[in-house]
Number of protein chains: 2
Amino acid sequence: MESSTKRKSDETEAPAPAKRQQTNTLSREYSIFSVKAVDDVTKYIADFIAEHCQRENVEIEAKLGILIEKRTNVRVNMGALTETIINPDDNRHYRFESNMPLEQHRHFNKILNDMVNKTQVREYRGERIKYKHTIETDRFYEVPNTRKKIRVTTDQATGKIVPNGIIEKIRIADLNIHAPNQALDFRISINLELPRTKPNTETSFERNKDRISYQHGGIAFDLTQVKGSADKDPDLRHELELEFADSSILANEKSKHDHFLAVML
Amino acid sequence: MESSTKRKSDETEAPAPAKRQQTNTLSREYSIFSVKAVDDVTKYIADFIAEHCQRENVEIEAKLGILIEKRTNVRVNMGALTETIINPDDNRHYRFESNMPLEQHRHFNKILNDMVNKTQVREYRGERIKYKHTIETDRFYEVPNTRKKIRVTTDQATGKIVPNGIIEKIRIADLNIHAPNQALDFRISINLELPRTKPNTETSFERNKDRISYQHGGIAFDLTQVKGSADKDPDLRHELELEFADSSILANEKSKHDHFLAVML
């Protein structure tokens, strides 16, 4: 083997000052290469989001729920012991239930409310959590001779269409992540939400959304009770979604990163 | 749903100061709970090490290599896209080859030597890398009427036994981690290295180790060429091991952490 080029091969010890090596605490440098290790799963998700975040009208959200293997109809079990990204080629073998027991939903509701109160005290120096409670109805309209659907969202209190309330949602990509150590798995979804004009056809179905949205760090934590029409979808679903409030911030960060790489390489 | 307790349920917007929410950069707070997310794989490995690091004479090391599925005799392929811990219950289905191609070994040798040189310049302000080149022979002795083996290590230049050079190595636990995005998987091994006296039986086998050890941040990066005796194990192996130079530092950190939890909970 090659010895370090600055010394002879029969020299056995580098002439580094011995004293500074002997402190009995762990070094605070990231690694021998001075580089911070990036977690593999985090990097995969970051790359997945980076691929899409610069599109116009893009919506990037994560939903908590359970990944069900279609073949067995129970929660996925791959023998993995830690968070595992499901190969997107296998996505058709699974379905994702964006739902949780009422108790779990209450738990999130309570701890998030506690956080709101904690960040509202006068002396609080961190970022305060913005909080919004909405009760809305989504009505879906089919576009004749297509498979497209238009969603129109109204405020139940006023009956008026909410801002940016008429959209066509187009699915771009899903990433399913199984979290065997946690009660819930999660899915990251990339959709386009294209602004549309109000359709003049009949409503095909509707659903009611009672939502509390907590905003912090550029992310909206949406805790929602969803109820379909009494005849078609009467069950109450309890959802928790995390949505990037403004994907242009991500796109901006990605541009900076791309520029950094272009300059460095 | 419960609204945040400090406001009425029909109030739709929290009275947080709007201005500080509108800066167009990502928040630097760790999360809505002010807690830094811990990577699942990192936590699993940390817990695994924590379980053993307080034992006496414990050796904690990671080896780079390839996880081979015994059934197929090729590198494991679980369909995982990111770093995945193999369930220890399944360890018997795999063997770990602590070996790499000569070219890869040369690559590590070169970049580590470059790092040594970089940290040796007078103005360097970070932690310097300690460097040690050893050429040693391990001789193994069986203990009559047992399955135990004693290892005696001598310096080839002097023929003398090296400090702490007579040990009995006892395997405690292995954790295999498959890294599908990397050329090499890795295994974390916990062993006891019990000091022994020199056996007076015959040597059963021996091997030669040409090793460069780079020390930084409490970790020794050992790049080793291993060669068995000409008749029994003539192939040259190229190993890279990372070893905690002093597991008492880890044990100390764990004590502090346990104390912290005991006080907090």
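Just so you know, these numbers come straight off a predicted model, no measurement behind them.

A count of helices and strands for chain A gives three helices and eleven strands. When the helices and strands of chain A are read in sequence order from the N terminus, they spell out α-β-β-β-β-α-β-β-β-β-β-β-β-α. Looking at chain A as a whole, 43% of its 265 residues qualify as buried. Within chain A, contacts between residues at least 6 apart in sequence are counted, and of these 61% link residues at least 24 apart. For chain A, the exposed area adds up to about 15,400 Å²; of that, 51% sits on carbon and sulfur atoms.

Let's shift gears to the side chain of glutamate 239 of chain A. All names here are of chain A. Here glutamate 239 lies in strand 11 (residues 236-244). Overall, the relative accessible area of 7% leaves glutamate 239 in the buried class. Looking at glutamate 239, its side chain comes within polar contact range of the side chain of arginine 237, at 3.2 Å. Setting aside chain neighbours within four positions, we find glutamate 239 in contact with Ser98, His105, Asp222, Leu223, Thr224 and Val226.

With that settled, the discussion passes to the pairing of strand 5 (residues 130-142) of chain B. All names here are of chain B. Note: strand 5 against strand 9 (residues 203-216), twelve bridges, orientation antiparallel. Along strand 9, the bridge assignment pairs arginine 139 with glutamate 206. In this structure, strand 5 lies alongside strand 6 (residues 149-155), joined through seven bridges in antiparallel fashion. Opposite glutamate 142, over in strand 6, you have lysine 149 as the bridge partner.

Turning next to helix 3 (residues 247-264) of chain A. Residue and element names in this part refer to chain A. With 18 residues, helix 3 ought to run about 26 Å at 1.5 Å a step, and its terminal C-alpha atoms sit 26 Å apart, in line with that. What helix 3 keeps buried is the set Ser247, Ile249, Leu250 and Ala251. Buried positions along helix 3 lie against helix 1 (40-52), strand 1 (58-69) and strand 11.

Moving on, we get to the side chain of threonine 82 of chain B. Structurally, threonine 82 of chain B is set in the loop between strand 2 (74-75) and strand 3 (84-85). Classification of threonine 82 of chain B by relative accessible area gives buried; the value is 0%. For threonine 82 of chain B, the residues in contact, after removing those within four places along its chain, are Asp40, Val41, Tyr44 and Ile85 of chain A together with His178, Pro180 and Asn181 of chain B.

Here is what the cut-offs are and how they apply
- Residues numbered from 1 in each chain as written.
- Chains lettered and ligands numbered in written order.
- Predicted model: local features only at pLDDT ≥ 70, side-chain atom pairs only at ≥ 80, totals over all residues.
- Heavy atoms only, no water.
- Helix = DSSP H or I, 4+ residues; strand = E, 2+ residues; numbered from the N terminus.
- Buried < 20%, exposed > 50% of the residue type's maximum accessible area, 1.4 Å probe, protein only.
- Contact = heavy atoms within 4.5 Å.
- Areas by Shrake-Rupley, 256 points an atom, 1.4 Å probe, with all protein chains shown as cover.
- Polar contact = N/O pair within 3.5 Å; in protein donor to acceptor, adjacent residues only side chain to side chain.
- Pairing = 2+ DSSP bridges.
- Expected span 1.5 Å × (residues − 1).

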